[in-house]
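# Fold and contact review
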Amino acid sequence: MRRARHTPTGGERTALAALRRRAAPAAAAVLTVAAGLSLRSVLTGDLAKYAGDALYALLIFWLVLVVAPRTRGWVAAAVACGVSVAVELFQLTGIPAELGAHSTLARLVLGTTFNAPDLPFYAVGAAAGWALHHLAGRVARWAAGRRARAPHA
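Treat the numbers as computed from the prediction; the structure is a model and nothing was measured.

A few words on the overall build of the chain. Broken down by element type, the chain carries six helices and zero strands. When the helices and strands of the chain are placed in sequence order, the string is α-α-α-α-α-α. Against the compact-globule benchmark of 15 Å for 153 residues, the chain has a radius of gyration of 20 Å, which places it well outside the compact range. For the chain, the C-alpha atoms occupy an extent of roughly 65 × 30 × 30 Å along the three principal directions. Considering the chain as a whole, with its 153 residues, one finds that 27% of them fall into the buried category. For the chain, contacts bridging at least 24 residues in sequence account for 63% of all contacts bridging at least 6. Per element, the accessible surface of the chain, about 10,400 Å² overall, is 68% carbon and sulfur. Distance between charge centres in the chain, computed from 17 positive and 6 negative side chains, equals 26 Å.

Written out as structure tokens, the structure reads:
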């Protein structure tokens, strides 16, 4: 005997759609953190530092999309770059260094000392986020089009 299939209500569809929109950027955020931690374990010096700066902005990009999944990619990139630069400028106050002396988490999130060469790498990370997001959207639209054209059995 066949079981009746549950058809989601309007509210359930909305909640499910919101969850789906957040899943990919959440997974990307986790992968970005893993990449950053892996990078620090194999690279040293400026390469590790500046790649870490780009990944910091990339992580913020994904987190913007987790919090606000309907945000356009370029807006998420602008927010990610702006937040990253603001955190870097905040280091000029000395407050992040003081907080970092007492908390590893604060040191990881806020850094400790201002370094002007970090600034362009935040833009690189934010731009990488926009490019990956844009590419993923194109691939998803292409796949949806192929499914729509495929003959149904």
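Time to look at the packing of aromatic side chains. Applying the stated criterion to the full structure yields three aromatic pairs. Note on Tyr56 and Tyr122: the rings are 6.1 Å apart at their centroids and 50 degrees apart in plane angle, and the pair reads as tilted. Of this pair, Tyr56 sits in helix α2 (residues 45–67) while Tyr122 sits in helix α6 (residues 118–149), and the two are 66 residues apart along the sequence. Look at Phe61 and Trp62: their rings are 5.0 Å apart centre to centre, the planes differ by 80 degrees, and that puts the pair in the edge-to-face class. Summarising the burial analysis for this pair, Phe61 and Trp62 share the class buried.

Turning our attention to the nonpolar core. In globular proteins that are soluble, nonpolar side chains generally tend to be buried together. Core analysis: the biggest nonpolar cluster contains 14 residues, and Phe61, Trp62, Leu65, Ala76 and Ala80 have the highest contact counts within it. Those elements that place two or more of their residues in this core are α1 (10–42), α2 and α3 (73–90). Those residues in contact with Trp62, other than ones at most four positions away along the chain, are Pro25, Ala28, Ala29, Thr32, Gly129, Leu132 and His133.

The predicted coordinates ought not to be read in detail in places where the model reports low pLDDT. On average, residues of the chain score 90 in pLDDT, and 91% of them reach the 70 mark or higher. Taking the mean pLDDT of every element in the chain, the minimum, 87, falls on α1 and the maximum, 98, on α3.

Here we come to the environment of Thr113. Mapped onto the fold, Thr113 is located in the loop between α5 (104–110) and α6. Separated by 33 residues in sequence, Thr113 and Ala80 place their C-alpha atoms 20 Å apart.

Conventions adopted
- Residues numbered from 1 in each chain as written.
- Predicted model: local features only at pLDDT ≥ 70, side-chain atom pairs only at ≥ 80, totals over all residues.
- Heavy atoms only, no water.
- Helix = DSSP H or I, 4+ residues; strand = E, 2+ residues; numbered from the N terminus.
- Rg over C-alpha atoms; globule rule 2.2 N^0.38 Å.
- Buried < 20%, exposed > 50% of the residue type's maximum accessible area, 1.4 Å probe, protein only.
- Contact = heavy atoms within 4.5 Å.
- Areas by Shrake-Rupley, 256 points an atom, 1.4 Å probe, with all protein chains shown as cover.
- Lys, Arg positive; Asp, Glu negative; His and termini not counted.
- Charge placed at Lys NZ, Arg CZ, Asp CG, Glu CD.
- Phe/Tyr/Trp six-rings, centres within 6.5 Å; stacked < 30°, edge-to-face > 60°.
- Core = buried A, V, L, I, M, F, W, Y, C linked by side-chain atoms within 4.5 Å.
- pLDDT = per-residue confidence, 0-100.

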